[in-house]
Amino acid sequence: MCVIEPSPVVETRRLALRSPQAQDICRLATLANDPDIARMTLRMPHPFSMDDAEEFVLRVAGQDPAKAQTFLIEHEDHGPVGVLGLFEDGDLGPEVGYWIGRPFWGRGYATEALEAGVVWASRNWRRRALVAGHFDDNPASGRVLEKAGFLYTGEVRKGFSRARGEEARTRRMVWLA
Ligand SMILES: CC(C)(COP(=O)(O)OP(=O)(O)OC[C@H]1O[C@@H](n2cnc3c(N)ncnc32)[C@H](O)[C@@H]1OP(=O)(O)O)[C@@H](O)C(=O)NCCC(=O)NCCS
């Protein structure tokens, strides 16, 4: 018999973190097609097309749930507002990354989603540390990470940003259970 694992849903005060589905492709492409989002990440392309959104949804569906979990961040009234991903990359702990669509910036959604993602990873993957990094010129993300309990390690790495087409200094942070 074939047992299908239900995809996890994490609920917070205003948000639900759930798997992205085919019906989210158009919304994802609209929100993610923003140079000021892509350039703050390592992997997102810009422009971000419908094909990119479709490829994203398919890639997430194929992830090994023990090693990577990517959530769509859905607001109770506004629908999908962003993405949060956790993945093992051989570091001290799983790495977390996220983005929020521009119309929804400044409302605490990234912090609320990140706090829930951190709890989810520590409970479900039984990990006591998580890592993250933000580019030097992205203090808003540093603030989000601080608000969710991450601390600066002092380490600065070079990271290649696909959308920038060049490396940028990445300030590393850690969260400890
Ligand atoms: C960074 C990002 C995720 C923030 O999302 P958000 O939902 O607006 O975040 P929140 O509302 O939870 O918190 C933002 C915090 O940053 C602060 N902030 C915003 N711009 C800032 C700036 N230029 N300098 C310092 N702090 C800033 C806000 O004041 C707020 O802190 P506060 O609550 O203490 O006032 C969103 O802007 C985004 O998706 N940016 C592009 C992609 C990205 O940077 N992803 C993270 C890669 S590491």
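These numbers come from a predicted model, not from an experiment. (Residues numbered from 1 in each chain as written. Predicted model: local features only at pLDDT ≥ 70, side-chain atom pairs only at ≥ 80, totals over all residues. Heavy atoms only, no water.)

*Asks:* Lay out the packing of helix H4 (residues 109-124) against helix H5 (residues 139-147) in plain terms, naming residues and giving numbers.
*Replies:* The interhelical angle for the contact between H4 and H5, taken along N-to-C directions, is 45°, at an axis separation of 9 Å. Taken together, the axis directions place H4 and H5 in an arrangement best described as oblique. For the pair H4 and H5, the crossing hand works out as right-handed. Of the residues in H5, those touching H4 at Ala 110, Thr 111, Leu 114 and Glu 115 are Val 144, Leu 145 and Lys 147. For the contact of H4 with H5, a count of residues per class yields four nonpolar, one polar and two charged. (Axes fitted to C-alpha atoms, helices over the stretch in contact; angles between N-to-C directions. Helix = DSSP H or I, 4+ residues; strand = E, 2+ residues; numbered from the N terminus. Parallel < 35°, antiparallel > 145°, perpendicular 65-115°, else oblique. Left-handed = near helix turned anticlockwise from the far one by under 90°. Contact = heavy atoms within 4.5 Å. Nonpolar A, V, L, I, M, F, W, Y, C, P; charged D, E, K, R; others polar.)

*Asks:* Please set out the environment of Asp 137 residue by residue, giving values where relevant.
*Replies:* Along the chain, Asp 137 turns up in the loop between strand E6 (129-135) and H5. The exposure class assigned to Asp 137 is partly exposed, which follows from its relative accessible area of 37%. Residues Asp 137 and Arg 169, spaced 32 residues apart in sequence, show a C-alpha to C-alpha distance of 8.5 Å. Beyond its immediate stretch of four places on either side in the chain, Asp 137 contacts Arg 39, Met 40 and Arg 164. (Buried < 20%, exposed > 50% of the residue type's maximum accessible area, 1.4 Å probe, protein only.)

*Asks:* Explain the UniProt feature "domain: N-acetyltransferase" (unreviewed entry) in the chain to me, and be specific about the residues and the numbers.
*Replies:* Under the UniProt annotation, "domain: N-acetyltransferase" (unreviewed entry) lies at residues 15-177. Helix makes up 30% of residues 15-177 and strand 34%, with an end-to-end C-alpha separation of 23 Å. (UniProt positions renumbered as here; feature names shortened; annotations may be inferred.)

*Asks:* Report on unusual backbone geometry, specifying residues and quantitative values.
*Replies:* Here His 46 and Pro 47 are connected by a cis peptide whose omega angle stands at 0°. The topology assignment puts Pro 47 in the loop between helix H2 (35-38) and helix H3 (50-61). Even without being a glycine, Arg 126 presents a positive backbone phi close to 50°. The residue Arg 126 is located in the loop between H4 and E6 in this model. Owing to a relative accessible area of 72%, Arg 126 belongs among the exposed residues under this scheme.

*Asks:* Explain H5 to me, using residue names and the numbers behind them.
*Replies:* The set of residues buried in H5 consists of Ser 141, Gly 142, Val 144 and Leu 145. Down the axis of H5, the buried set is contained in an arc of 160°. They therefore lie on one face. With respect to the buried face of H5, the exposed residues turned more than 90 degrees away are Pro 139 and Ala 140. On its buried face, H5 is in contact with strand E5 (95-100), H4, E6, strand E7 (151-161) and strand E8 (166-176). Looking one or two places after H5, you find Gly 149, whose phi comes out positive at around 100°. (Arc of directions from axis to C-beta.)

*Asks:* Can you tell me about the nonpolar core, naming the residues and giving the values?
*Replies:* If you look at the biggest cluster of nonpolar residues, it comprises 45 residues, and the most contacted ones within it are Leu 28, Ile 73, Leu 84, Leu 86, Trp 99, Leu 114 and Phe 150. Here the element with the most residues in this core is H4; it accounts for eight residues. The residues touching Leu 86, leaving out its near neighbours within four places in the chain, are Lys 67, Ala 68, Gln 69, Phe 71, Glu 95, Val 96, Gly 117, Trp 120, Ala 121, Trp 125 and Leu 130. (Core = buried A, V, L, I, M, F, W, Y, C linked by side-chain atoms within 4.5 Å.)

*Asks:* Outline the pattern of salt bridges, supporting the account with residue identities and numerical values.
*Replies:* Following the criterion strictly, the structure yields 13 salt bridges and no others. A salt bridge links Glu 112 to Arg 14, with the nearest nitrogen and oxygen atoms 2.7 Å apart. Remark: Arg 14 occurs in the loop between strand E1 (10-11) and strand E2 (15-18) and Glu 112 occurs in helix H4; sequence separation between them is 98 residues. Both residues of the pair, Glu 112 and Arg 14, belong to the buried class. (Salt bridge = Lys/Arg side-chain N within 4 Å of Asp/Glu carboxyl O.)

*Asks:* Describe the site of the ligand, listing the residues and the values that go with them.
*Replies:* Close contacts around the ligand come from 22 residues, with Gly 106, Gly 108, Thr 111, Asn 138 and Lys 147 the closest. Take Gly 108: an N or O atom from its main chain is 2.7 Å from an oxygen atom of the ligand. For the ligand, the accessible surface in isolation is 970 Å², of which the surrounding protein chains cover 70%. Put simply, the parts of the chain that give the shell around the ligand at least two residues each are H2, E5, H4, E6 and H5. The biggest single contributor to the shell around the ligand is H5, with six residues. Of the residues belonging to the shell around the ligand, the class tally is eleven nonpolar, seven polar and four charged. (Near = heavy atom within 4 Å. Polar contact = N/O pair within 3.5 Å; in protein donor to acceptor, adjacent residues only side chain to side chain. Areas by Shrake-Rupley, 256 points an atom, 1.4 Å probe, with all protein chains shown as cover.)

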